[in-house]
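Residues per chain, in single letters:
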Amino acid sequence: KKELLQQLKGKENITLDGKKVMLYANIGNIKDLATVIQNDAGGIGLFRSEFIYLEKEEYPTEEEQFKIYKTVAETMAGKRVIIRTLDIGADKKCGYFEMDEEENPALGYRAIRICLTRPEIFKTQLRALFRAAVYGNLAVMYPMITSLWEIKRIKEIAEEVKAELKEQNMEFRMPEQGIMIETPAAVMVSADLAKEVDFFSIGTNDLTQYTLAVDRQNPKLDEFYDPHHPAVLSMIRMTVENAHRAGIWAGICGELGADLSLTKEFLAMGVDELSVSPGRILPIRKIVLETDVEEYKRKKNAD
Ligand code: PEP
Ligand code: MG
């Protein structure tokens, strides 16, 4: 069976009726790059940059970050590499950030909320990213967005970083900028958000947690944490529709994207990209190659 999957390497991700989908990889460390290439990923759809912060005893410098982003961009040789900006807080604690104890950390001071209130940390990361973008097809993605003003503020900060790099005669390139859709609020305002960014990537892990009001960390709640819940699937559908209306693409980078029982359904929704752990790419490609999306939709409507 493994061998059969190996034969799918180098093939396009295209359905029987000609619909294409991007199959990208999620990684949490540059050590994972070898498996990304082995599994024939079309790109990296989620590079969790927080590992760079979590592995250290103090804030990683611009140079340290630049080297890592440059390595990933170069290794992927022109394939798209989406780097998610710092997403700590909630389940991911980092001592030197000296964060207060919180009653509800999942609803608390995390991710983009830290970046927008501590812009010096955010700017250091953006500088490193914009500089590394010269070396490949880098894109930047912002986590935990809930409101339009956040993306407007992010873009202002990005413009400041751009102006500073220019002023300092540094080599850089403005990458594509996208956001994660992982809160119900972001879904509900996705029509407006879509006008401001280059792409959406749906974070179903958090989207399930926040839609169902179920703590993703609490094993006691496993039977209540249901990413197949129709509310979650409706949110995904709505996000993709609003992305397409605004002319941008939408993918899924949460665990649900790797759920083979939903691959056909995602294709029917028009999902443009699935970013999954590297080992899942070829099994999904197999399903894509065997699917006729229009026929699937007809059958589903007939049921
Ligand atoms: C998600 O929330 O679905 C996601 C991809 O991000 P993380 O799991 O890192 O929160
Ligand atoms: Mg998340």
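Refer to the preceding data block for the structure.
Notes on the structure follow. (Residues numbered from 1 in each chain as written. Chains lettered and ligands numbered in written order. Predicted model: local features only at pLDDT ≥ 70, side-chain atom pairs only at ≥ 80, totals over all residues.)

Digging into helix H4 (residues 62-75)
- Between its terminal C-alpha atoms H4 stretches 20 Å, which fits the 20 Å expected from 14 residues at 1.5 Å a residue.
- Taken as a whole, H4 has its buried residues at Gln65, Phe66, Ile68, Tyr69, Val72 and Ala73. Along H4, the residues classed as buried sweep out an arc of 170° about the axis, all on the same side.
- Packed against the buried residues of H4 are helix H2 (33-38), strand S2 (43-48), helix H3 (50-54), strand S3 (80-84), helix H6 (119-132) and strand S4 (137-142). (Helix = DSSP H or I, 4+ residues; strand = E, 2+ residues; numbered from the N terminus. Expected span 1.5 Å × (residues − 1). Buried ≥ 20, exposed ≤ 12 C-beta atoms within 10 Å, placed from the backbone. Arc of directions from axis to C-beta. Contact = placed C-beta atoms within 7 Å.)

Observations regarding helix H11 (residues 230-245)
- Between its terminal C-alpha atoms H11 stretches 22 Å, which fits the 22 Å expected from 16 residues at 1.5 Å a residue.
- For H11, every residue scored as buried is listed here: Val232, Met235, Ile236, Thr239, Val240, Asn242 and Ala243. For H11, the angular spread of buried residues about the axis comes to 165°, placing them on one side. Turned more than 90 degrees away from the buried face of H11 sit Pro230, Ala231, Ser234 and Arg245, all of them exposed.
- Positive backbone phi, approximately 80°, marks Gly247, located one or two places after H11.

Digging into the environment of Asp192
- Secondary-structure assignment places Asp192 in helix H9 (residues 190-193).
- When the C-alpha atoms of Asp192 and Arg113 are compared, they prove to be 20 Å apart, with 79 residues separating the residues in sequence.

Quick look at the site of ligand 1
- Lining the immediate surroundings of ligand 1 are Leu46, Arg48, Asp87, Glu182, Gly203, Thr204, Asn205, Asp206, Cys253 and Gly254.
- Of all the secondary structure elements, the ones that give two or more residues to the shell around ligand 1 are S2 and helix H10 (204-212).
- The leading source of residues in the shell around ligand 1 is H10, at three residues.
- For the shell around ligand 1, the class distribution of residues is two nonpolar, four polar and four charged. (Near = placed C-beta within 6 Å. Nonpolar A, V, L, I, M, F, W, Y, C, P; charged D, E, K, R; others polar.)

A few points about the environment of Asp87
- With respect to the helices, strands and loops of the structure, Asp87 is situated in the loop between S3 and helix H5 (112-117).
- Distance in space between the C-alpha atoms of Asp87 and Leu274 is 20 Å, their sequence separation being 187 residues.
- Leaving out residues up to four positions away in the same chain, Asp87 has contacts with Arg48, Glu50, Lys92, Ala111, Pro143 and Met144.

Looking at the packing of H6 against helix H7 (residues 148-167)
- Relative to each other, H6 and H7 sit at 60°, their axes nearing to 10 Å. Overall, the two elements H6 and H7 adopt an arrangement that is oblique. Our pair here, H6 against H7, has a crossing hand that is right-handed. Judged by residue contacts, Pro119, Phe122, Lys123, Leu126, Arg127 and Phe130 of H6 engage Ile157, Ala158, Val161, Lys162 and Leu165 from H7.
- Per-class residue counts for the contact of H6 with H7 are eight nonpolar, no polar and three charged. (Axes fitted to C-alpha atoms, helices over the stretch in contact; angles between N-to-C directions. Parallel < 35°, antiparallel > 145°, perpendicular 65-115°, else oblique. Left-handed = near helix turned anticlockwise from the far one by under 90°.)

Describing the nonpolar core
- Counting 81 residues, the largest nonpolar core has Ile44, Tyr69, Val81, Leu129 and Ile179 as its most contacted members.
- Of the residues forming this core, the biggest block, six residues, is contributed by H6.
- When near neighbours in sequence (up to four residues on either side) are disregarded, Ile179 contacts Met141, Tyr142, Ile145, Ile151, Leu193, Val197 and Phe200. (Core = buried A, V, L, I, M, F, W, Y, C linked by C-beta atoms within 7 Å.)

Regarding the sheet that holds strand S5 (residues 176-181)
- Overall, parallel pairing links the eight strands, which are arranged S1-S2-S3-S4-S5-S6-S7-S8 in a closed barrel. On average, adjacent strands in this sheet sit at an angle of 25° to one another, irrespective of strand direction.
- Here S4 pairs with S5 via four bridges, running parallel. If you follow Tyr142 over to S5, its bridge partner there is Ile179.
- Most of the contacts of H4 go to S3, to which it runs at about 155°, and overall it touches S2, S3 and S4. (Pairing = 2+ DSSP bridges.)

Digging into the pairing of S4
- In terms of burial, S4 is largely enclosed, as five of its six residues are buried.
- Pairing analysis gives five bridges linking S3 to S4, with the strands arranged parallel. Considered in S4, the bridge of Ile82 is made with Ala139.
- For the segment spanning S4, H7 and S5, crossover handedness is right-handed. (Right-handed = clockwise from strand over helix to strand, strands pointing away.)

What about the packing of H4 against H6?
- Their axes nearest at 8 Å, the elements H4 and H6 cross at an angle of 35°. Judged by the sense of rotation from one axis to the other, the crossing of H4 with H6 is right-handed. For the pair H4 and H6, contact is made by Glu62, Gln65, Phe66, Tyr69, Lys70 and Ala73 and by Thr124, Gln125, Arg127, Ala128, Leu129, Arg131 and Ala132, respectively.
- Of the residues belonging to the contact of H4 with H6, the class tally is six nonpolar, three polar and four charged.

Here's the deal with unusual backbone geometry
- Positive phi values are uncommon outside glycine, yet Glu98 reaches one of about 45°.
- The residue Glu98 is located in the loop between S3 and H5 in this model.
- Exposure remark for Glu98: the 6 C-beta atoms within 10 Å place this residue in the exposed category.

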